[in-house]
Amino acid sequence: MMEAPPMTTAAAESPLAPIDAKTRQRLAKIDGPFRPIDGPFDSNQEAWSLRLPPSLYASVFTLPLAIDKTMWWDTSNFFTIFLAPLLSYFLLLGIEGILIFYVYKETTSVEIPEDSTLCEANADTDWLLRIVCLFLATAYIFADLRQTLGMYRWVQCVPEWHPGHQEITDYCCRYSGRTSLPMQRYHDDYGVTVKKPAVGFTCCFRFSIFFLVLLPKIILAIIWLVYGLGYVASATTNTDMILHAIVVMFALKVDDVLYRVLTPDVFQTWMTHNFEITFSEEEENEAIRWLPYVAILLMGGAVAGLYIGWCNYSNIFDFLPLDEL
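Residues numbered from 1 in each chain as written. Predicted model: local features only at pLDDT ≥ 70, side-chain atom pairs only at ≥ 80, totals over all residues. Heavy atoms only, no water.

### A look at the packing of aromatic side chains
Defined as follows: Only Phe, Tyr and Trp rings are paired, with Trp represented by its six-membered ring, and only when their centres lie within 6.5 Å; those with planes under 30 degrees apart are stacked, over 60 edge-to-face, the remainder tilted. Numbering of helices and strands runs from the N terminus, with a helix taken as a DSSP run of H or I at least four residues long and a strand as a DSSP run of E at least two residues long. Burial classes: relative accessible area under 20% of the type maximum marks a residue as buried, over 50% as exposed, and values in between as partly exposed (1.4 Å probe, protein chains only). Put simply, a charge is over a ring when the Lys NZ or the Arg CZ is close to the ring centre, within 6 Å, and near the line of the ring normal, within 35 degrees.
Throughout the structure, instances matching the rule amount to 17 aromatic pairs. Aromatic side chains Y171 and Y175 sit 4.7 Å apart centroid to centroid with 45° between the ring planes, which places their arrangement in the tilted category. Note that Y171 and Y175 are positioned in helix 7 (residues 165–175) at a spacing of 4 residues, about one turn of the helix. With respect to burial, Y171 and Y175 carry one shared label: exposed. Ring centres 5.0 Å apart and planes at 70° place the aromatic pair F201 and F205 in the edge-to-face group. Judged by relative accessible area, F201 falls into the buried class, the value being 3%. An aromatic cluster is built from W72, W73, F78, F79 and F82, whose rings are joined through pairwise contacts. When the ring centre of Y57 is taken as origin, the NZ or CZ atom of K217, which lies over that ring, is 5.4 Å away.

Below you can see the structure in the form of structure tokens.
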């Protein structure tokens, strides 16, 4: 009886990745033998991820999802996971509002001589430096808008809630961990692993995210775009123009600073890892690859439009009666 030939697989047929001398020396210093696994591979085939940004805007609605709803009203969890992020979020909105108020007041109170424009009154400033400062301030604002877009995409990747999801949550709480947003891993025939939400959001919860978190974030970014650029354009000296641009950039980083100061390390770890959604290469929207060109065109259009608007029609931006304040 003839002996059957040994079975071969693609992994067994593929050549092992060679180890150069320096790599071999580094591995020799680590306890335990190391050798290549399978053959060389294309890392672009691995999953790419979508994460929520390290932000108070994100933590205010995601941290409660890290624990099971039966634990929400525990005294410790209520004060640390519910109340603390909510108070931090309101503190952030208050600081942003104060900064916007004073930028608006400073910008609209600039004295412009009759038969002159804002840019003519500030003719002593260098035009090239003015464009650079306006462009940098706009880039920070667009980075904030892109962060908001990433949060919107993440929320849209979470399915709609239906009653059957409760059984999934109960199963996860019983056999894995007590969370309100369990995740599910999926494998394909090529060994690529992706991670998706196993349950969904209710319509009420999704609407509250859009209306109470994303909408205020977008409104604040638009206000900074209009009056932040006006604040930069209203500078009377080159030094003031640089400082005004820095003020705008600093204001857009207040969220990051407060998040790192007011959010405990364990919650920051939850935000980084617990809510990550991964995708395969086939799920990529290739239109995103054109983002640099689209962003440059949009930023250039915003700078040009608002610069012309503030130079020639600055009075239309002054609609609040702040003369008596």
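### Some words on helix 9 (residues 238–251)
Let me state the cut-off plainly: Helices are assigned an expected span. That span is 1.5 Å times one less than the residue count. Note on contacts: a residue pair is in contact if any heavy atoms of the two residues lie within 4.5 Å.
For helix 9, with 14 residues, the first-to-last C-alpha span of 20 Å sits near the 20 Å given by 1.5 Å per residue. Within helix 9, the full set of buried residues consists of M241, H244, A245, V248, M249 and A251. The inward-facing, buried residues of helix 9 contact helix 4 (75–108), helix 6 (127–157), helix 8 (203–233) and helix 10 (254–262).

### Description of the confidence of the model for the protein
What counts here: What pLDDT reports is the predictor's confidence in each residue, on a scale of 0 through 100.
This prediction gives the protein a mean pLDDT of 83; 81% of its residues lie at or above 70. Overall, residues 1–14 carries pLDDT values under 50, and its contacts beyond four positions in sequence, including any with other chains, amount to 4 contacts.

### Focus: the pattern of salt bridges
To keep it simple, the criterion reads: Salt bridges are defined by distance alone: a side-chain nitrogen of Lys or Arg within 4 Å of a carboxyl oxygen of Asp or Glu.
Here the structure, examined in full by the defined rule, presents 6 salt bridges. With its nearest N and O atoms 3.9 Å apart, the salt bridge here joins K195 to E276. Placement of K195 in strand 3 (residues 193–197) and of E276 in the loop between helix 11 (265–274) and strand 4 (277–279) is noted, with a sequence separation of 81 residues between them. Here the two residues K195 and E276 agree in accessibility, since each one is buried. In this structure, D256 and K253 form a salt bridge, with 3.3 Å as the shortest nitrogen-oxygen distance. With relative accessibility at 38%, the residue K253 sits in the partly exposed group. Three or more residues are tied together by salt bridges with common partners; here these are R51, K195 and E276.

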